[in-house]
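What the coordinates show
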Amino acid sequence: MSLSPPSLNLDFFHDVVCGWCFSLSPRLHRLAEEFELHIRHRTFVLQNSPARMVEVFGSMAQAKATILDHWAACQEASEAPQRFNIEGMRSAPFDYPHGLPGALACQAAQSLAGQAGHWQMFDAIQAAHLSEARNVADPRVLRAIAQEAGFGTSAFWRLMEDPATLEAVQADQRLARRLRVSVVPTVIVRETGQRLVNGPLDSLRTQLLDNLRLVANELTS
């Protein structure tokens with residue numbers, strides 16, 4: 001009797017304002033159709049306030065300039081470079097947004113619709129941010145995005161302001177520190193402890209197959 005292929009549990013640490021996450025998320029969607037993957041989304045906010053951005057980059061103007069240089073590298077490595085609206089964000093009249101409000105929105109969506117809801121909200125915020133050059137740190141913008149994604153309910157807004165939602169974001173941050181996660185995206189295979197190296201779809205597929213072999217060997221040894 002043949003055994004079915006083992007499943008893998010992945011922890012996906014991400015930030016809504018991260019260009020590399022924007023490229024990885026659709027790759028993981030595709031791979032989840034090919035493999036038995038259980039993906040746990042973890043919010044990992046690199047800068048949680050404008051003050052923190054100034055501390056890291058020196059000024060808000062320098063933050064935008066530096067991060068848009070990162071966008072250019074992400075765009076070059078993307079299968080869909082047209083999704084990166086670099087000039088739109090460069091000319092936008094607002095400072096580069098920090099990721100905490102979007103993380104709260106993702107956790108609120110998770111409370112309502114589980115991991116699928118988290119992923120749906122994450123993708124919606126990322127598209128608004130990186131493709132549409134919208135200010136995803138602005139509560140009014142987030143409200144519109146949530147409405148578009150099907151989360152425009154009073155329950156969602158209560159969760160956005162619920163201290164338990166902030167605690168969920170902070171719990172993911174604490175887990176990241178324990179696992180020594182320092183960059184986004186980080187994807188950890190729980191069964192093996194290995195971290196996937198973000199790259200083209202074929203590379204990620206090969207890495208998953210390697211992890212599946214390790215798990216299968218462990219099960220049969």
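Scroll up for the structure.
First, a word on scope: everything that follows refers to the structure included in this document. (Residues numbered from 1 in each chain as written. Predicted model: local features only at pLDDT ≥ 70, side-chain atom pairs only at ≥ 80, totals over all residues. Heavy atoms only, no water.)

1. Thoughts on the pairing of strand 3 (residues 186-189)
Every second residue of strand 3 is oriented toward a common face, with T186 and I188 on one face and V187 and V189 on the other, all of them buried. Of the pairings in the sheet, the one linking strand 3 to strand 4 (residues 195-196) comprises 2 bridges and is antiparallel in character. By the bridge assignment for strand 4, I188 is matched with R195. Between strand 3 and strand 4, which follow one another and run antiparallel, lie 5 residues, and G193 among them has a positive phi close to 80°. (Buried < 20%, exposed > 50% of the residue type's maximum accessible area, 1.4 Å probe, protein only. Helix = DSSP H or I, 4+ residues; strand = E, 2+ residues; numbered from the N terminus. Pairing = 2+ DSSP bridges.)

2. Things to note about the environment of Y96
Mapped onto the fold, Y96 is located in the loop between helix 4 (86-91) and helix 5 (100-131). Sequence separation between Y96 and I67 is 29 residues; the distance between their C-alpha atoms is 8.4 Å. Ignoring any residue separated from it by four or fewer positions in sequence, one finds Y96 in contact with V17, M53, M60, K64, I67, W71, M89 and H129. Only 2.9 Å separates the side chain of Y96 from the backbone oxygen of V17, close enough to count as a polar contact. (Contact = heavy atoms within 4.5 Å. Polar contact = N/O pair within 3.5 Å; in protein donor to acceptor, adjacent residues only side chain to side chain.)

3. Points about the environment of F22
Within the element layout of this structure, F22 appears in helix 1 (residues 19-34). With a relative accessible area of 2%, F22 lands in the buried category. Between the alpha carbons of F22 and S131 there is a distance of 9.8 Å; along the sequence they are 109 residues apart. In this view, F22 contacts R83, F84, Q126, A127, L130 and S131; residues no more than four positions away in its chain are not counted.

4. Brief notes about the pattern of salt bridges
Inspection of every chain in the model, using the stated rule, returns 14 salt bridges. Here R90 makes a salt bridge to E87, at a shortest N to O gap of 3.3 Å. With R90 and E87 both in helix 4 and 3 residues apart, the pair spans about one turn of that helix. Where R174 meets E167, a salt bridge forms, and the shortest distance between an N and an O atom there is 2.4 Å. Judged by its relative accessible area of 32%, R174 is partly exposed. Owing to a relative accessible area of 34%, E167 belongs among the partly exposed residues under this scheme. Each of the salt bridges in this network shares a partner with another, and the network as a whole consists of D11, R42, D172 and R190. (Salt bridge = Lys/Arg side-chain N within 4 Å of Asp/Glu carboxyl O.)

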